[in-house]
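# Analysis of the macromolecular model
If you want the building blocks of each chain, they are given just below.
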Amino acid sequence: TEAGFTPIFNGKDLSGWDGKPGWWTVEDGTLTAESTPDKPCKECNYLVWRAGQPANFELIADFRLSGAGNSGIQLRSQALPNWDTSGYQADMSGDGDLVGFVYEHKRGLIAGRGERVTIGGDGKREVAKLGDAAELGKIYKKEAWNTYRIICRGPEITLFINGTLMCQFTDRDAKQAASKGIIALQMHPGPPMKIEFKNIRLKEL
């Protein structure tokens, strides 16, 4: 484990995590959720880390999605009934189209790959370019293991994939911004898919 980081998944079982029964398992040291034709996922559910609600932190996690997969890592979010959540998400999809985006349930996709986005106190969104979205998308390895590095510090959320900066988002919206909250992993409805996470570690800043 890197200096200052603490594993928040033990690689053995769901200790410290809370998920909808029947959806999340640990297989070969990997957190796994899977929908099949016989067992489709009809609504979002999340595996919630219950051991804290960090504010300023760095989170690193390895993930792998099947080609049709859709998932995300919730940050500074609120837990809702029936293993649902609301809040910021480091987005991801098996085809790579959504990897490196910041999504938020109430406002949608709020920062794209290759963008530096600031939302002011009045809710106005300003966008600057920090890289080419298509070129950055090539960093993602389809149906293979990738690493998300997420930094939340003050009003800023910064996303890296496999060591490369994807986007940076600053939220100063007086009505919408969140300074702390839960961490959770998403199981998304849709076609059959498999979602896997491992080596999840956290450093509070």
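Right, let's walk through the structure included here. Every value quoted in this text rests on a predicted model; they were computed, and no experiment measured them. Each chain carries its own residue numbering, running from 1 in the direction its sequence is written. This being a predicted model, a pLDDT of at least 70 is required before a residue's local features are given, and a value of 80 or more before pairs of side-chain atoms are given or counted; all residues contribute to the totals for chains, interfaces and linings. Note that water and hydrogens are dropped before the side-chain values are worked out from all heavy atoms of the structure.

### Some words on the overall build of the chain
Numbering of helices and strands starts at the N terminus; helices are DSSP runs of H or I of at least 4 residues and strands are runs of E of at least 2. Within the chain, the secondary structure is distributed over one helix and 17 strands. Taken over C-alpha atoms, the radius of gyration is set against a globule rule of 2.2 Å times the number of residues to the power 0.38. What you see for the chain is a C-alpha radius of gyration of 16 Å, in line with the 17 Å of a compact globule of 205 residues. In terms of principal-axis extent, the alpha carbons of the chain reach across some 45 × 35 × 35 Å. Relative accessibility under 20% of the residue-type maximum defines a buried residue, over 50% an exposed one, and the middle range a partly exposed one, all with a 1.4 Å probe and only protein chains included. The buried share among the 205 residues of the chain stands at 46%. Whether two residues touch is decided by their heavy atoms; if any such pair falls within 4.5 Å, the residues are in contact. Taking the contacts inside the chain whose residues are at least 6 apart along the sequence as the reference set, 64% of them involve residues at least 24 apart. What sets the accessible areas is the Shrake-Rupley method with a 1.4 Å probe; for residues, cover comes only from the shown protein chains. Just so you have it, the chain exposes about 9,300 Å², and 48% of that area is on carbon and sulfur atoms. Counted as positive: Lys and Arg. Counted as negative: Asp and Glu, with His and the chain ends omitted from the count. Lysine's charge is taken at NZ, arginine's at CZ, aspartate's at CG and glutamate's at CD. Averaging the coordinates of the 26 positive side-chain charges in the chain and doing the same for the 26 negative ones gives two points 3 Å apart.

### Points about the pairing of strand 8 (residues 84–93)
In terms of residue burial, strand 8 counts as a mostly covered element, since nine of its ten residues are buried. The sheet contact formed by strand 7 (residues 70–80) and strand 8 spans nine bridges and is antiparallel. Paired with Q78 across the strands is S86, a residue of strand 8. When DSSP locates at least two bridges between a pair of strands, those strands are taken to pair. The sheet contact formed by strand 8 and strand 9 (residues 102–104) spans three bridges and is antiparallel. Residue pairing in the sheet places Y88 in a bridge with E104 of strand 9.

### Some points on the layout of surface pockets
The definitions used throughout rest on a 1 Å grid laid over the protein atoms alone, on which a cavity is an enclosed set of points accommodating a 1.4 Å probe that cannot get out and a pocket is an open set flanked by protein within 12 Å on both sides along at least five of seven lines; lining residues are those having an atom within 4 Å of a point. Grid points are joined across faces, edges and corners, and a volume is the space filled by probe spheres set on the points. Here the largest pocket defines a volume of roughly 170 Å³. R76, S77, Q78, S86, G87, Y88, E104, K106, K175, Q176, A178 and K180 together form the lining of the largest pocket. Among the secondary structure elements, those contributing two or more residues to the lining of the largest pocket are strand 7 and strand 8. For the lining of the largest pocket, the residue count by class is two nonpolar, five polar and five charged. Residues were grouped as follows: Ala, Val, Leu, Ile, Met, Phe, Trp, Tyr, Cys and Pro as nonpolar; Asp, Glu, Lys and Arg as charged; and all remaining residues, including Gly, as polar.

### Observations regarding the packing of aromatic side chains
Each pair of aromatic rings taken from Phe, Tyr and Trp, with Trp reduced to its six-membered ring, is defined by centres within 6.5 Å and is described as stacked if the planes are under 30 degrees apart, edge-to-face if over 60, and tilted in the remaining cases. Under the counting rule described, the total for this entry stands at three aromatic pairs. Ring pairs connect the aromatic residues F63, Y140 and Y148, which therefore count as one cluster. Cation placement over rings: the criterion is NZ of Lys or CZ of Arg within 6 Å of the ring centroid and within 35° of the ring normal. Positioned above the aromatic ring of W23, the side-chain terminus of K39 is 4.5 Å from the ring centre. The cationic tip of K198 hangs over the ring face of W145; the distance from NZ or CZ to the ring centre is 4.2 Å.

### Observations concerning the sheet that holds strand 7
Reading across from one edge, 2-5-16-7-8-9-10 is the order of the seven strands in this open sheet, with antiparallel pairing throughout. In the strand order of this sheet, the two ends are held by strand 2 (17–18) and strand 10 (108–111), each with one partner.

These results come straight from atomic positions and should not be treated as a statement about function.
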